Amino acid sequence: MTAAAEPLSPLPPPLNVDRLIGELNALAQISEADPPVVTRVVFGEADLRARAYIRGLCEEAGLIVTVDAIGNTFARWPGSDPALAPVGTGSHIDAIPNAGLYDGCVGVLGGLEAIRVLKQLGFAPRRSIELVIFTAEEPTRFGIGCLGSRMMGGVLTPMQALALRDKDGRGLEELRTQAGFSGALESVLLPKGRFHQFVEMHIEQGPFLEAESLDLGLVTHIAAPASQRIVIEGEGGHAGGKLMPGRKDALAAAAELILALEAAAKSTGAIDTVGTVGVCEVFPGAVNSIPSRVLLTTDVRDIDGGRRDGVLAALRKTIDEVGARRSVVITTELINADPPTTCDPAILDVLESSAKAAGKSYKRMVARAYHDSSFVACFAPVAMLFIPCRGGVSHRPDEYASPAWIGGGVHVLARTLAELAA
Ligand SMILES: [Zn+2]
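Owing to the predicted nature of the structure, the values given are computational and were not obtained by experimental measurement.

*Asks:* I tried to follow the overall build of the chain on my own but got confused; where do I start?
*Replies:* Of regular secondary structure, the chain possesses twelve helices and 17 strands. For 422 residues, the compact-globule formula gives about 22 Å, and the C-alpha radius of gyration of the chain, at 24 Å, lands near that figure. Across its three principal directions, the C-alpha atoms of the chain cover 85 × 45 × 40 Å. Counting contacts in the chain only where the partners sit at least 6 residues apart, residues at least 24 apart contribute 78% of the total. Summing over all exposed atoms, the chain offers an accessible surface of approximately 17000 Å²; the carbon and sulfur share of this is 56%. Taking the 39 positively charged and 49 negatively charged side chains of the chain as two groups, their mean positions are separated by 3 Å.

Okay, here's the thing in structure tokens:
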């Protein structure tokens, strides 16, 4: 995929979209899979080469690069008042197996291009501007998303991190030191106020901006999931021999819970509340056998944590009621419950005025998948800037964002960083 001749005006003259697309394409060549397929798993050989490539570009741009104990990378353009908390931008460069080249890379290389544009314009920021490349946004290796930002935000403790293993049984400690990252994991945690404000640019990973012919999405909320495992223990038996009175059919009980979750999610009346049972494993799973045990998983998401927890509480009530009425034993285990994020109104206002100044169309919208910004929100005000992606396709080799879309995003990001750091 190369830069097409698309109209880029009204961009400021130093914005070099061709260079940026060239760098995105060069980064895409650094892959565990044959290009154009991008696969970069954290601490793998391609991940390390990609980090070195980005580091080189940052140093070429005159940024001061530091790396923390888990590999989160910070590239700083010092402001005239270095005592002030910096303004941050950035995203991730790891990619799930069989992915494309835009995903988080647009936020990293686009952030770098925004900084280069401001430098070339002779802009002198009062606050430092810092580009952050987060370690392992994707859960591929350790089964947990946003590893680096999660540790920065203190949502994953060093003890919990040390317990992580990949599918080959290799631990985080072995893998990070082998990759060259050392130092106490405790030092990854960042204090509140470490960034004055933080803006992450990212492809939408959904179809709405393209379908509505909009240049940009200003993200007001980032939804977050709570997921749990539910095991229902009933009593098995012969489907013919055991009559209906007194049955303890685990699957019939599960059916009630599945419908109860659907009803609870609908009952909030909010379009942003969603509830899903994605797994239903039935034991023993024979046509002539009463199910004795069922495993369900539930995934409840919302932009409002209280409302999401209300759905979980309603389900809890049904679990207790069904368990008692049907004489089945139901146990639940919370897998995760990450906090939804409300983006900072002040950053959103600057994004909006920047979009207007750049002549870009936009709308305010919700991010349905979570991002590193969800965890940066633990220690700094955040907002996100979405650019369209073709057909809403992401996490596939045919993921695509046009040079015009990317250029528009970088233009607005540059204006926003300038104003936030002024
Ligand atoms: Zn991403």
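*Asks:* Looking at this structure, how should I read the coordination of the zinc ion?
*Replies:* Around a metal, the ideal angle is 109.5 degrees if four donors adopt a tetrahedral arrangement and 90 or 180 degrees if six donors adopt an octahedral arrangement. Distances from the zinc ion to its protein donors, His92 (NE2), Asp103 (OD) and His202 (NE2), fall at 2.0 to 2.2 Å. Of note, the donors binding the zinc ion are all from one chain and are spaced H-x10-D-x98-H. Placement of His92 in strand 4 (residues 87-92) and of Asp103 in the loop between strand 5 (95-99) and helix 3 (105-120) is noted, with a sequence separation of eleven residues between them. Here His92 matches Asp103 in class, with each residue buried.

*Asks:* Help me understand the layout of surface pockets in this model?
*Replies:* Unfilled space is identified by rolling a water-sized probe across the atoms. Estimates place the volume of the largest pocket at around 500 Å³. For the largest pocket, the lining is made up of 23 residues, of which Pro139, Gly145, Arg150, Pro225 and Tyr370 are closest to its centre. For the lining of the largest pocket, the leading source of residues is strand 14 (residues 329-337), giving three residues. Space inside the second largest pocket adds up to approximately 260 Å³.

*Asks:* Would you explain the pairing of strand 2 (residues 64-67) in this entry?
*Replies:* Consecutive side chains along a regular strand alternate between the two faces of the sheet. Of the strand pairs in this sheet, strand 2 and strand 3 (residues 73-77) are connected by four bridges, and their pairing is antiparallel. Looking across to strand 3, one finds that Ile64 is bridged to Arg76. Connecting strand 2 to the next strand, strand 3, in antiparallel fashion are five residues, including Gly71 with a positive phi near 100°.

*Asks:* In this structure, what is going on with the nonpolar core? I would like to understand it.
*Replies:* Considering soluble globular proteins, one finds that nonpolar side chains tend to be buried as a cluster. By size, the foremost hydrophobic cluster in this structure holds 77 residues, and its most contacted members are Leu24, Tyr102, Leu351 and Ile406. Broken down by element, the residue count for this core peaks at ten residues, all from helix 12 (residues 403-421). Excluding residues within four positions of it along the chain, Leu351 makes contact with Val199, Leu218, Ala383, Met384, Leu385, Val412 and Thr416. By size, the runner-up hydrophobic cluster in this structure holds 29 residues, among which are Ile70, Leu147, Leu156 and Phe195.

*Asks:* Would you mind showing me how to read helix 8 (residues 250-267) here?
*Replies:* An α-helical segment advances 3.6 residues per turn. Residues three or four places apart therefore align on the same side. A rise of 1.5 Å per residue sets the reference length of helix 8, with its 18 residues, at 26 Å; its end C-alpha atoms lie 26 Å apart and thus fit the reference within 8%. Residues of helix 8 that are buried in the fold lie against strand 9 (224-233), strand 11 (274-283), strand 13 (293-302), helix 9 (305-326) and strand 14. Here helix 8 starts with a cap whose side-chain oxygen sits 2.8 Å from the backbone nitrogen of Leu251, and that cap is Asp249. Directly after helix 8, the chain includes Gly269, whose backbone phi takes a positive value near 75°.

*Asks:* Any chance you could explain helix 2 (residues 45-60) here in plain terms?
*Replies:* Its 16 residues give helix 2 an end-to-end C-alpha distance of 23 Å, which sits within 8% of 22 Å, the value for a rise of 1.5 Å per residue. Of all the positions in helix 2, only Ala46, Asp47, Ala50, Arg51, Ile54, Leu57 and Cys58 are classed as buried. End-on view of helix 2: buried residues confined to an arc of 135°, all on one side of the axis. Directly after helix 2, the chain includes Gly62, whose backbone phi takes a positive value near 85°.

*Asks:* Before we go on, may I ask you to explain the environment of Val393 in this structure?
*Replies:* Along the chain, Val393 turns up in the loop between strand 17 (382-387) and helix 12. Once the C-alpha coordinates of Val393 and Lys242 are considered, the two residues, 151 residues apart in sequence, prove to be 50 Å apart. In this structure Val393 touches Asp398 and Glu399, once residues within four positions along its chain are discounted.

*Asks:* What exactly am I supposed to notice about the sheet that holds strand 9 here?
*Replies:* Strand pairing in a sheet is mediated by backbone hydrogen bonds. Such pairs are either parallel or antiparallel. Sheet architecture is open: four strands sit in the order 11-13-9-14, paired in antiparallel fashion. In this open sheet, the two strands that pair with only one neighbour each are strand 11 and strand 14. With strand direction ignored, the average angle separating the axes of adjacent strands in the sheet is 15°. Helix-sheet contacts for helix 8 involve strand 9, strand 11, strand 13 and strand 14, and the interaxial angle to strand 13 is about 5°. Lying on the sheet, helix 9 is in contact with strand 9, strand 13 and strand 14; it crosses strand 9 at an angle near 5°.

*Asks:* How should I be thinking about the packing of aromatic side chains in this particular structure?
*Replies:* What describes a pair of aromatic rings is the distance from one ring centre to the other and the angle between the planes of the rings. Within the structure shown, the criterion is met by eight aromatic pairs. For the pair Phe43 and Phe181, a centre-to-centre distance of 5.9 Å together with 45° between the ring planes defines the contact as tilted. Placement of Phe43 in the loop between strand 1 (38-40) and helix 2 and of Phe181 in the loop between helix 6 (172-178) and strand 7 (197-203) is noted, with a sequence separation of 138 residues between them. An identical accessibility class is assigned to Phe43 and Phe181; each is buried. With a centroid separation of 6.4 Å and an interplanar angle of 35°, the aromatic rings of Phe195 and Phe379 are classed as tilted. Taken together, the positions of Phe195 in the loop between helix 6 and strand 7 and Phe379 in the loop between helix 11 (373-376) and strand 17 put the pair 184 residues apart, joining distant regions of the chain. Both residues of the pair, Phe195 and Phe379, belong to the buried class. Following the ring pairs from residue to residue traces out a cluster consisting of Phe134, Phe195, Phe198 and Phe379. Residue placement shows Arg194 over the ring face of Phe195; its charged tip is 4.6 Å from the ring centre. The aromatic ring of Phe283 is capped on one face by Arg293, whose charged end is 4.5 Å from the ring centroid.

Calculation notes
- Residues numbered from 1 in each chain as written.
- Predicted model: local features only at pLDDT ≥ 70, side-chain atom pairs only at ≥ 80, totals over all residues.
- Heavy atoms only, no water.
- Helix = DSSP H or I, 4+ residues; strand = E, 2+ residues; numbered from the N terminus.
- Rg over C-alpha atoms; globule rule 2.2 N^0.38 Å.
- Contact = heavy atoms within 4.5 Å.
- Areas by Shrake-Rupley, 256 points an atom, 1.4 Å probe, with all protein chains shown as cover.
- Lys, Arg positive; Asp, Glu negative; His and termini not counted.
- Charge placed at Lys NZ, Arg CZ, Asp CG, Glu CD.
- Donors = N, O, S within 2.8 Å, 3.2 Å for Na, K, Ca; no water.
- Buried < 20%, exposed > 50% of the residue type's maximum accessible area, 1.4 Å probe, protein only.
- 1 Å grid on protein atoms, 1.4 Å probe; cavity = no way out; pocket = protein on both sides within 12 Å on 5 of 7 lines; lining within 4 Å.
- Points joined across faces, edges and corners; volume = space filled by probe spheres on them.
- Pairing = 2+ DSSP bridges.
- Core = buried A, V, L, I, M, F, W, Y, C linked by side-chain atoms within 4.5 Å.
- Expected span 1.5 Å × (residues − 1).
- Polar contact = N/O pair within 3.5 Å; in protein donor to acceptor, adjacent residues only side chain to side chain.
- Arc of directions from axis to C-beta.
- Axes fitted to C-alpha atoms, helices over the stretch in contact; angles between N-to-C directions.
- Phe/Tyr/Trp six-rings, centres within 6.5 Å; stacked < 30°, edge-to-face > 60°.
- Lys NZ or Arg CZ within 6 Å of the ring centre and 35° of its normal.

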